[in-house]
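Geometric and topological summary
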Amino acid sequence: MKRLNAPKGWSQLLFVAPTEPWAALRAAAAAGAAGTTATLIAAGLRGRGGGGFLTGAKWQATAAEPASQHYAVANGYESDPAVFTNRLLVEENPQGIVEGLAIAALTVGASEAFIAVRAEYTEAIKRLEAVIANAEREGILGSTLLGTGRELIITVRPLQGSSMIGEETVLMKALAGKRGQPEQTPPYPSEVGYLGKPTAVNNVATLAAVPWILNNGAEAFAQIGDTTQPGTVLVQISGSVTNPGVLEVPTGTPLNEIIAAAGGTASGASIKALLAGGPTGGFIPANLFGGTPYSGAGLKGVGAHIGSGALLALDDSVAIPELATMLTRWCADEACGKTIPCRIGTRRLAEIGQRFVDGLAGPADAERLQKLAADVTDSALCAHEALAPSPLLTGVRYFASEFGPAVAATSATPASGRS
Ligand SMILES: Cc1cc2nc3c(=O)[nH]c(=O)nc-3n(C[C@H](O)[C@H](O)[C@H](O)COP(=O)(O)O)c2cc1C
Ligand code: SF4
């Protein structure tokens with residue numbers, strides 16, 4: 001799989017390296033923290049790592065925390081299995097990410113910043129390190145940030161471990177060399193982050209948008225895509241499409257346009273569903289493709305979420321109960337074990353799913369599925385648990401006939417996903 005060319009008319013900015021490297025960093029230095037955060041808030045930039053928090057507001061909060069040291073972290077860990085939007089982005093636009101992180105560090109008052117990436121992303125690591133080394137040689141980063149005498153050391157941190165490392169409180173521990181399980185938030189890393197200090201944590205795609213915004217203006221960014229979440233996002237479309245790969249898509253693009261941009265269906269058979277949001281995502285049936293915008297709110301409305309940016313196109317050969325059960329089992333296997341309803345509840349959900357697959361489920365299982373899913377979601381310590389029931393719930397909701405007569409009798413409601 002590769003990066004796909006976007007159709008004409010779709011704005012492209014994440015995969016595009018700044019034409020004048022470091023101009024945005026200089027602009028941020030001139031604007032000061034208040035000016036930079038005001039521009040990002042006016043642009044409406046929201047985090048691309050899942051939570052959709054306003055980036056400018058996060059940086060304001062981090063900068064406002066009284067502490068002897070602040071940090072900035074680029075989250076390029078990319079937790080979901082078989083997703084590589086972040087790897088492609090880092091390989092194609094390392095300048096944008098390093099510059100975005102440098103602007104974050106400058107804005108929150110950090111003299112040290114880290115780029116967390118998967119250890120196996122060797123090419124991405126090499127390219128990031130080359131940008132940093134060049135910038136240090138030129139006096140842009142390092143001991144004299146932009147020649148001011150102020151220090152900014154950026155280090156690439158290759159990490160290896162479970163999918164939980166992508167969660168920001170775990171990431172803070174992993175960077176400190178500690179074993180990680182998510183912590184209750186608040187406090188967020190903006191208050192208590194790396195080594196207990198205020199830390200701005202942002203996905204690499206969020207950071208790559210920052211130089212573009214400072215170079216082109218908040219208004220230009222705010223006009224792209226969905227007004228509630230402007231800009232572009234990276235979508236990895238795979239499965240039953242002719243050209244699987246990663247597309248840069250304006251937020252709010254209808255799902256059927258994304259499928260068309262990936263060349264339509266590969267097998268000639270029609271696509272019956274999209275799985276949006278990876279293993280904790282939701283199934284979306286074909287009749288909703290035209291009316292569902294690819295945005296946090298749009299996907300949440302149908303029981304899915306953007307998450308890692310994965311879209312899996314499924315044709316008629318795929319049995320939804322089987323796939324939903326397999327994904328739930330993955331969620332159970334990946335649960336870190338800290339919260340009992342997650343550790344045990346996701347396992348029980350997978351067992352119920354398996355009974356549907358085996359044709360052994362009765363009406364009590366259909367009810368149990370709904371009740372347990374609600375309990376699991378309500379008791380969630382982190383979004384892993386909150387979203388884990390989504391494949392089974394959306395499967396039952398939209399593909400009830402595949403689950404058999406026991407399901408048809410119940411009214412199902414999917415969990416609403418984290419955007
Ligand atoms: C289980 C779990 C896994 C996550 N994995 C990632 C990840 O791989 N990459 C990422 O940027 N954010 C991930 N997040 C979200 C981060 O905790 C955090 O919200 C994000 O990095 C903040 O950056 P943003 O404001 O730019 O979105 C994950 C969250 C959870 C609960
Ligand atoms: S909700 Fe699940 S994954 Fe999250 S902290 Fe609890 S046990 Fe771990």
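Residues numbered from 1 in each chain as written. Chains lettered and ligands numbered in written order. Predicted model: local features only at pLDDT ≥ 70, side-chain atom pairs only at ≥ 80, totals over all residues. Heavy atoms only, no water.

Brief notes about empty space enclosed by the protein
In total, this model carries 2 cavities of 30 Å³ or more according to the counting rule given. Its boundaries defined by the atoms lining it, the largest cavity holds a volume of some 80 Å³. Taken together, Met164, Pro182, Ala335, Cys336, Gly337, Lys338, Thr339, Cys342, Leu381, Cys382 and Glu385 form the lining of the largest cavity. (1 Å grid on protein atoms, 1.4 Å probe; cavity = no way out; pocket = protein on both sides within 12 Å on 5 of 7 lines; lining within 4 Å. Points joined across faces, edges and corners; volume = space filled by probe spheres on them.)

A look at the pattern of salt bridges
Per the stated rule, a full pass over the model turns up 13 salt bridges. With its nearest N and O atoms 2.9 Å apart, the salt bridge here joins aspartate 365 to arginine 368. Taken together, the residues aspartate 365 and arginine 368, both in helix α13 (residues 363-378) and 3 residues apart, mark about one turn of the helix. Residues participating in the shared-partner salt-bridge network are Glu123, Lys126 and Arg127. (Salt bridge = Lys/Arg side-chain N within 4 Å of Asp/Glu carboxyl O. Helix = DSSP H or I, 4+ residues; strand = E, 2+ residues; numbered from the N terminus.)

Points about the packing of aromatic side chains
For the coordinates displayed, the defined rule picks out 5 aromatic pairs. With 5.6 Å between their ring centres and 75° between their planes, phenylalanine 356 and phenylalanine 403 make a pair best called edge-to-face. Residue phenylalanine 356 is located in helix α12 (residues 340-357), and its partner phenylalanine 403 is located in helix α16 (residues 400-403); the two are separated by 47 residues in the primary sequence. For phenylalanine 356, a relative accessible area of 7% puts it in the buried group. A relative accessible area of 4% places phenylalanine 403 in the buried class. An aromatic cluster is present here, built from Tyr71, Phe114 and Tyr194 joined pairwise through their rings. Directly above the aromatic system of phenylalanine 114 lies the positively charged group of arginine 157, at a separation of 5.7 Å from the ring centroid. (Phe/Tyr/Trp six-rings, centres within 6.5 Å; stacked < 30°, edge-to-face > 60°. Buried < 20%, exposed > 50% of the residue type's maximum accessible area, 1.4 Å probe, protein only. Lys NZ or Arg CZ within 6 Å of the ring centre and 35° of its normal.)

Remarks on the pairing of strand β8 (residues 271-276)
Along β8, 6 of the 6 residues are buried, which leaves the element largely enclosed by surrounding structure. Where β8 lies against strand β9 (residues 282-285), 4 bridges are found, and the strand directions are antiparallel. Counterpart to leucine 275 in the pairing with β9 is phenylalanine 283. (Pairing = 2+ DSSP bridges.)

Focus: the domain arrangement of the chain
Along its sequence, the chain is organised into domain 1 (2-222), domain 2 (232-315) and domain 3 (320-408). Computed over C-alpha atoms, the centres of domain 2 and domain 3 are 22 Å apart. Of the residues lining the interface, 14 residues belong to domain 2; the matching set on domain 3 comes to 17 residues. Both faces considered, domain 2 and domain 3 share a buried interface measuring about 1300 Å² in area, 74% of it formed by carbon and sulfur atoms. In terms of surface lost to domain 3, no three residues of domain 2 exceed Pro279, Thr280 and Phe283, which account for 50% of the buried area on that side. Linking domain 2 to domain 3 there are 1 salt bridge. In this structure, lysine 272 engages glutamate 402 in a salt bridge whose closest nitrogen and oxygen atoms are separated by 2.7 Å. Run the count over domain 2 and domain 3 and you get 3 residue pairs in polar contact (both at pLDDT 80 or more). Looking at the side of domain 2 that touches domain 3, the elements that each hand over two or more residues are β8 and β9. (Domains from an automatic or database assignment. Contact = heavy atoms within 4.5 Å. Buried area = accessible area lost by both parts, 1.4 Å probe. Polar contact = N/O pair within 3.5 Å; in protein donor to acceptor, adjacent residues only side chain to side chain.)

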